[in-house]
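Understanding the architecture of this molecule
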Amino acid sequence: MAEPVRVCVTGAAGQIGYSLVYMVGSGAVFGPDTPVILHLLDIAPMMNVLNGVCMEISDCALPCVRDVVATDDPAVAFKDIDCAFLVGAMPRKEGMERKDLLAANVKIFKVQGQALDQYAKKSVKVLVVGNPANTNALICAKYAPSIPRENFSAMTRLDQNRAQAQIAAKLGIPVTDVKNVIIWGNHSSTQFPDVRHATATVNGEEIPVYDAIKDDAFLKNEFITLVQKRGGAVIAARKLSSAMSAAKAACDHVKSIFQGTKEGHFVSMGVFSDGSYNTPEGVMYSFPVTIKDKKWSIVQGLPIEDFAREKMDKTAKELCEERDEAIAVCQD
């Protein structure tokens, strides 16, 4: 057995946390031969609920789980951790846009950035799930200056998974037969789900998704709106935000970081923009990336048509506005 990986989950008593701790403990993220020590953080009023979650982790008898630390103290939760799933945030409710969450949540991520800076390993990999995820990740990294900023990322894997599933359903093929769907920009209703560079395996042959579907109007309109609005549709149906699918996407994201991407495949994640594809620097923008040795690289050289350019610029504008608003809130 390898050395245990110390994994922190914030908001661990919440809906996403409930699914997430099981997946992490099962070996689905770091591998079946890698033991994990779970650091579970939540606020003081949730500690009884968190203790119930700990009982269930014990009752699952998960072979990868070496120990569980349940706490409401960030100093304990972030101590010497290798990986953090920052889930805990005010959830979006029906009728709310992510911007409504911004003021409350960026303050949470400022405090967590400061705590990570003080207590976590400098090699820690930090995934921000709590919304608005891209801007929360930006603020968290800003207040953790001793941790390399490339160690912070925001989750757009849920959007990628949603888009991939919609294409697979349209073609009547398994989701594993669709690859290289891209989510550009913000994890919000301005995101751009792009299948121009995606392929599908149909009848044993790998072909471009546009050629497989043969319906440009669908791919440039209904499909994009469906993915952009999917979170709202789940809330309308469940009266609660996405939890199981969000936890699965968070695990997919971190698994890609720790285990790398397959040859010929790329995944989407919100990372610090270096100006690639004429995006503004200094925001957390979702790009297609490949990952090796826990280091991501933005996929370069993909041709961008005018339709895509307009969508990419729109989501970039929103990210710049969110960034400026968030920095102002943190300075109040």
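Note that this is a predicted model, so its numbers are computed, not measured. (Residues numbered from 1 in each chain as written. Predicted model: local features only at pLDDT ≥ 70, side-chain atom pairs only at ≥ 80, totals over all residues. Heavy atoms only, no water.)

Regarding the overall build of the chain
- The helix and strand tally for the chain stands at 11 helices and 14 strands.
- For the chain, the C-alpha radius of gyration of 19 Å lies close to 20 Å, the compact-globule estimate for 332 residues.
- The principal-axis extents of the C-alpha atoms in the chain amount to approximately 55 × 50 × 40 Å.
- Within the chain, the proportion of its 332 residues that are buried is 55%.
- In the chain, 73% of the contacts between residues at least 6 apart in sequence involve partners at least 24 apart.
- Counting only carbon and sulfur atoms, one obtains 52% of the accessible surface of the chain, whose full area is about 14400 Å².
- Measuring between centres, the 36 positive side-chain charges of the chain sit 1 Å from its 39 negative side-chain charges. (Helix = DSSP H or I, 4+ residues; strand = E, 2+ residues; numbered from the N terminus. Rg over C-alpha atoms; globule rule 2.2 N^0.38 Å. Buried < 20%, exposed > 50% of the residue type's maximum accessible area, 1.4 Å probe, protein only. Contact = heavy atoms within 4.5 Å. Areas by Shrake-Rupley, 256 points an atom, 1.4 Å probe, with all protein chains shown as cover. Lys, Arg positive; Asp, Glu negative; His and termini not counted. Charge placed at Lys NZ, Arg CZ, Asp CG, Glu CD.)

Side note on the sheet that holds strand β11 (residues 205–208)
- Read across the open sheet, the 3 strands follow the order β7-β10-β11; overall the sheet is antiparallel. Of all the strands in the sheet, just β7 (178–179) and β11 have a single pairing partner and so form its edges.
- In terms of strand pairing, strand β10 (residues 199–202) meets β11 through 4 bridges, oriented antiparallel. What sits directly across from Val202, in β11, is Glu205. (Pairing = 2+ DSSP bridges.)

Let's talk about the packing of helix α1 (residues 15–25) against helix α10 (residues 244–259)
- It is at 8 Å that the axes of α1 and α10 come closest, and there the two elements cross at 40°. Comparing the axis directions of α1 and α10 gives the class oblique. For the pair α1 and α10, the sense of crossing is right-handed. For the pair formed by α1 and α10, the contact residues are Ile16, Ser19, Leu20, Met23 and Val24 on the first element and Met244, Ala246, Ala247, Lys248, Ala250 and Cys251 on the second.
- By residue class, the composition of the contact of α1 with α10 is 9 nonpolar, 1 polar and 1 charged. (Axes fitted to C-alpha atoms, helices over the stretch in contact; angles between N-to-C directions. Parallel < 35°, antiparallel > 145°, perpendicular 65-115°, else oblique. Left-handed = near helix turned anticlockwise from the far one by under 90°. Nonpolar A, V, L, I, M, F, W, Y, C, P; charged D, E, K, R; others polar.)

A few points about the nonpolar core
- Val195, Leu219 and Phe223 are the most contacted members of the largest nonpolar core, which totals 41 residues.
- Residue assignment for this core shows that the elements contributing at least two residues are α6 (157–171), β8 (182–184), α7 (209–213), α8 (216–228), β12 (267–272), β13 (284–292) and α11 (306–331).
- Setting aside residues no more than four positions away along its own chain, Leu219 makes contact with Ile167, Val195, Val209, Tyr210, Ile213 and Ile224.
- Val29, Leu40, Ile57 and Cys83 belong to the second-largest nonpolar core, a separate cluster that totals 36 residues. (Core = buried A, V, L, I, M, F, W, Y, C linked by side-chain atoms within 4.5 Å.)

What to know about the pattern of salt bridges
- Tallied over the entire structure, the rule returns 9 salt bridges.
- The salt bridge involving Asp82 is made with Lys121; its shortest N-O contact spans 2.7 Å. Here Asp82 is found in the loop between α3 (74–77) and β4 (83–86), whereas its partner Lys121 is found in the loop between α4 (98–119) and β5 (125–128), with 39 residues between them in sequence.
- According to the relative accessible area criterion, Asp82 is buried, its value standing at 15%.
- In this structure, Glu305 and Lys220 form a salt bridge, with 3.9 Å as the shortest nitrogen-oxygen distance. Here Glu305 is found in the loop between β14 (295–298) and α11, whereas its partner Lys220 is found in helix α8, with 85 residues between them in sequence. (Salt bridge = Lys/Arg side-chain N within 4 Å of Asp/Glu carboxyl O.)

With respect to the UniProt feature "binding site: NAD(+)" (unreviewed entry) in the chain
- Sites flagged by UniProt as "binding site: NAD(+)" (unreviewed entry) map to Gly11, Ala12, Ala13, Gly14, Gln15, Ile16, Gly17, Asp42, Asn105, Val129, Gly130 and Asn131.
- One can find Ile16 in helix α1.
- Residue contacts for Ile16: discarding those within four places in its chain leaves Val87, Val129, Ser242, Ala243, Ala246 and Ala247.
- Within the fold, Asn131 resides in the loop between β5 and α5 (133–142).
- Note on Asn131: relative accessible area 15%, which makes it buried. (UniProt positions renumbered as here; feature names shortened; annotations may be inferred.)

Thoughts on the packing of aromatic side chains
- Using the criterion set out here, one finds 6 aromatic pairs in the structure.
- On the basis of an interplanar angle of 75° and a centroid distance of 6.0 Å, the ring pair of Phe192 and Phe307 is categorised as edge-to-face. Note that Phe192 is positioned in strand β9 (residues 192–194) and Phe307 in helix α11, a separation of 115 residues in sequence.
- By relative accessible area, Phe307 is classed as partly exposed at 25%.
- Through pairs of rings, three or more aromatic residues link up here, namely Trp184, Tyr277, Tyr285 and Phe287.
- One residue, Lys170, lies across the ring of Phe218, its end atom 4.1 Å from the ring centre. (Phe/Tyr/Trp six-rings, centres within 6.5 Å; stacked < 30°, edge-to-face > 60°. Lys NZ or Arg CZ within 6 Å of the ring centre and 35° of its normal.)

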